[in-house]
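Here are the chains, one letter per residue:
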Amino acid sequence: MKKVKLKVPATVANLVCGFDILGMAVYDPYDEMEFRLLETPEIIIKHIDSFGLPEEASKNVAGVVLLKIQEYFNLKNGFEVIIRKHIKPGSGLGSSAASAAGAVFGANILLGNKLSKEEMVYFAMFGEELASGVRHADNIAPCIYGGITLVKSTNSIDIIPLNSPDLFVTAVHPQVEVKTSDARQILKKNISLKSAVEQWGNIAGLVAGIQKNDYLLIGRSLNDVIIEPIRSILIPKFDKIKAKSLQLGALGGGISGSGPSIFMLSEQKETAEKTAQMMKSVYDEIEIENLIYVSKINPNGIQIVEEA
């Protein structure tokens, strides 16, 4: 295998109450990545988008992952990667995870599929560490596995693929900046036992609802008493968006990753599209540019477009 092209999907992390442990893949937006195996050991990164991301391998999310793989296998070969990003960096929709997961996925194909999914998650986390300072996997795991995933542990990689309910995802990305590192720094270092117990109940209820396709249980479990109340103050009109989404019939939702994107889950496409229209009107009214996405949960994750 000398060349491979991939579609690498956006992901929604946390799923409200599952901070750093739950995530799901969607169809839209997605990045395009093209890989070529080189006879020489250099790592060449080329961005054909307008985001101005660094192309030096040691400073690029995909590049760092490829360097780690190269070191691990003691490769004499290198890689050329052409990246067209549609997932805007800083959107809260797993932009850095897409680059990291896409990098290890593409390299693994070119090397003859030597890595397991757990091992791919391990290498991709080095990219997330470069992007946010933390080696988390809640975006990477669903990107690689597809669907909804539970990250039981990142110390000894333990990923549990969950059911993918037949639900629609509406996401809005208001064009305001919320850095993941900043969104982590404002979080409380200590929480009350009462809050912890309530959060555990919500997480358990959400996982049970996902596994049982119990949409009412999913809806009433999409509640975060620890992270969202703090992070939501960084996102204009968050409370209004959430309240109106529920009024329109959405099951529930909240902040996508560390924000500023907001996501909502709906049973019906009509509800998802009405929610999208409302989200757009709320931000248009206060003259904040926004991007809107309506998608189903993506059970497949990264898609191979072409192999040669």
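Residues numbered from 1 in each chain as written. Predicted model: local features only at pLDDT ≥ 70, side-chain atom pairs only at ≥ 80, totals over all residues. Heavy atoms only, no water.

Some details on the nonpolar core
With 73 residues, the main nonpolar core has Met24, Phe79, Val104, Val121 and Ile144 as its most contacted residues. When residues of this core are assigned to their parent elements, the largest contribution, 10 residues, is made by helix α2 (residues 95-110). If we ignore the near neighbours within four places in the chain, the residues touching isoleucine 144 are Ala101, Val104, Lys117, Met120, Val121 and Ile302. Within the second largest apolar cluster, 13 residues are counted, among which are Val172, Ile235, Ala250 and Met278. (Core = buried A, V, L, I, M, F, W, Y, C linked by side-chain atoms within 4.5 Å. Buried < 20%, exposed > 50% of the residue type's maximum accessible area, 1.4 Å probe, protein only. Helix = DSSP H or I, 4+ residues; strand = E, 2+ residues; numbered from the N terminus. Contact = heavy atoms within 4.5 Å.)

Side note on the environment of lysine 85
Mapping lysine 85 onto the fold places it in the loop between β4 (78-84) and α2. Taking the C-alpha atoms as reference points, lysine 85 and serine 99, separated by 14 residues in sequence, lie 8.5 Å from one another. Those residues in contact with lysine 85 that lie beyond four places of it in its chain are Asp31, His47, Asp49, Phe51, Leu53, Ser95 and Ser99. One polar contact links the side chain of lysine 85 to the main-chain carbonyl oxygen of serine 95, over a distance of 3.1 Å. (Polar contact = N/O pair within 3.5 Å; in protein donor to acceptor, adjacent residues only side chain to side chain.)

Section: the pairing of strand β1 (residues 3-13)
For a regular strand, side chains alternate in direction, first toward one face of the sheet and then toward the other. For β1, the tally of buried residues reaches eight of 11 residues, placing the bulk of the element in the interior. As defined by bridge partners, β1 adjoins strand β2 (residues 22-38) across 10 bridges and the pair is classed as antiparallel. Residue pairing in the sheet places alanine 13 in a bridge with glycine 23 of β2. With four bridges connecting them, β1 and strand β11 (residues 303-307) associate as antiparallel partners. Paired with valine 4 across the two strands is glutamate 307, which belongs to β11. (Pairing = 2+ DSSP bridges.)

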